[in-house]
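Listed here are the chains, written in short residue letters.
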Amino acid sequence: MYIDNLSINLSPSYNISYPPRPRILDSTGIATCQRNPIINFQSCPSSTPHHQQQHHHHVSRRFSLESKNSPEPKKMKTMPIVNPTTTLSIPHAHISPTLPPMSTLRRLPFHHLKLSTTNHHNRRFSSLAVAAVRQDTTTYTPAPLTSIEQAADQLFHVTIDVSDFPNLIDSYTNPGQYVQLKVPDVDKPSFLAIASPPKLTLSSGTFEFLVKSVEGSIAEVLCGLKKGVVVELTQAMGKGFDIDRINPPQDFNSVFIFATGSGISPIRSLIESGFSADKRSDVRLYYGARNLTRMAYQDRFKDWESSGVKIVPVLSQPEDGWTGEKGYVQAAFAKAKQISNPAATGVVLCGQKQMAEEITSILLADGVSNEKIIKNF
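All of the points below concern the structure found in this document. On a predicted model such as this, the values are computed, not experimentally measured, just so you know.

Cut-offs used in this document
Residues numbered from 1 in each chain as written. Predicted model: local features only at pLDDT ≥ 70, side-chain atom pairs only at ≥ 80, totals over all residues. Heavy atoms only, no water. Buried < 20%, exposed > 50% of the residue type's maximum accessible area, 1.4 Å probe, protein only. Helix = DSSP H or I, 4+ residues; strand = E, 2+ residues; numbered from the N terminus. Pairing = 2+ DSSP bridges. Phe/Tyr/Trp six-rings, centres within 6.5 Å; stacked < 30°, edge-to-face > 60°.

Concerning the pairing of strand E18 (residues 345–350)
Here's step 1: Most of E18 sits out of view: 6 of its 6 residues are buried.
Here's step 2: What you see with E18 is no split at all: Thr345, Val347 and Leu349 on one side and Gly346, Val348 and Cys350 on the other are buried throughout.
Here's step 3: Summarising the sheet, strand E14 (residues 254–260) and E18 pair through 6 bridges and their orientation is parallel. Within E18, the residue paired with alanine 259 across the bridge is cysteine 350.
Here's step 4: With 3 bridges joining them, E18 and strand E19 (residues 373–375) adopt parallel strand pairing.

So, in structure tokens, the structure goes:
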């Protein structure tokens, strides 16, 4: 095997360079030179004579530094010392570069990868990048919209028929799970928590969602579609609410549930799935919205309360005459939390990040275990 243009940087004190003549690797893989190497010692504040001697001894063991029959080497320009570590430049040797982690590759757009197949290293990098992207490939199933109805100001009930796709139905097992959904002519998916409980999906063959229409968003496009339009969606994803962490009911008599805006969607699934609320002494739902016109599922409140859940609506900008809780959910809870036994308290959170963080801080300060604060994300 022939190697061209061999240069070795062994330390901050000196480097070795060879004339551009072919060298041969012997059977041990050590470079045997046909010309004497040029060793250039340079002063370095961090080097000592003893340091230089150690390196010289190391070099003399690996390379033939004396050759009586070899002609005098030609004078050559030495390469500047790039760094204090040992570097070896062998153009025709296949040295694998350090590749970025797969999690980084998945986030890189293709135009940032600068892929090329002109050499072995780039081909390998290209194949790894493509593999990372393939790992993120998600299977979508086309299914028709059954209905789109307004649930409140800016909120819509969206129902999708999945009765012909048992794999989608079977994937939904826990309240709090979600799907990725694509609308026609838009590649980017929207993430939607399923509002209907699993048992309803099983019996009706539909997924129900509560979608907030935000101007310029995919959700706005979805809410503007007509019945019968085919969308694409994935199987149910995520673990949902791990209610087993606050069971059995007799050990967790108090359960506080918090939701804001469209975050009530998976909470509906939880309540209507049943989590033994009627067997607990204190189950409260703090549901925050701007006003009553933006509060969905008011027609379900009576049924929810009959199942053992006390509804506490909290309005940040209520209409005149409102006598209920005003402001934000976290403030309303802090005012009337009444946590009698932190060790027997469970919590379910879904909604705005700030609300979730502040509620968590209040609960932890009162002694509620972080393991008993359940989220679906």
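Regarding the packing of aromatic side chains
Here's step 1: Across all of its chains, the model carries 10 aromatic pairs by this definition.
Here's step 2: Here phenylalanine 301 and tryptophan 304 contribute two aromatic rings whose centre-to-centre distance is 5.8 Å and whose plane-to-plane angle is 45°, an arrangement assigned as tilted. Taken together, the residues phenylalanine 301 and tryptophan 304, both in helix H9 (residues 301–306) and 3 residues apart, mark about one turn of the helix.
Here's step 3: Judged by relative accessible area, which is 13%, phenylalanine 301 ranks as buried.
Here's step 4: Looking at tryptophan 304, the relative accessible area reads 2%, which means it is buried.
Here's step 5: Through a chain of ring-to-ring contacts, the aromatic side chains of Phe256, Phe258, Tyr286 and Phe333 assemble into a single cluster.

Re the pairing of strand E9 (residues 155–161)
The side chains of a regular strand alternate between both faces of the sheet.
Here's step 1: Across the 7 residues of E9, 5 count as buried, placing the element largely inside the fold.
Here's step 2: If you look at the hairpin formed by strand E8 (residues 141–152) and E9, you'll find 2 residues sitting between the two strands, and glutamine 154 has a positive phi there, around 70°.
Here's step 3: Here 7 bridges tie E9 to strand E12 (residues 206–212), and the two strands are oriented antiparallel to one another. Note on E12: the bridge partner recorded for histidine 157 is leucine 210.

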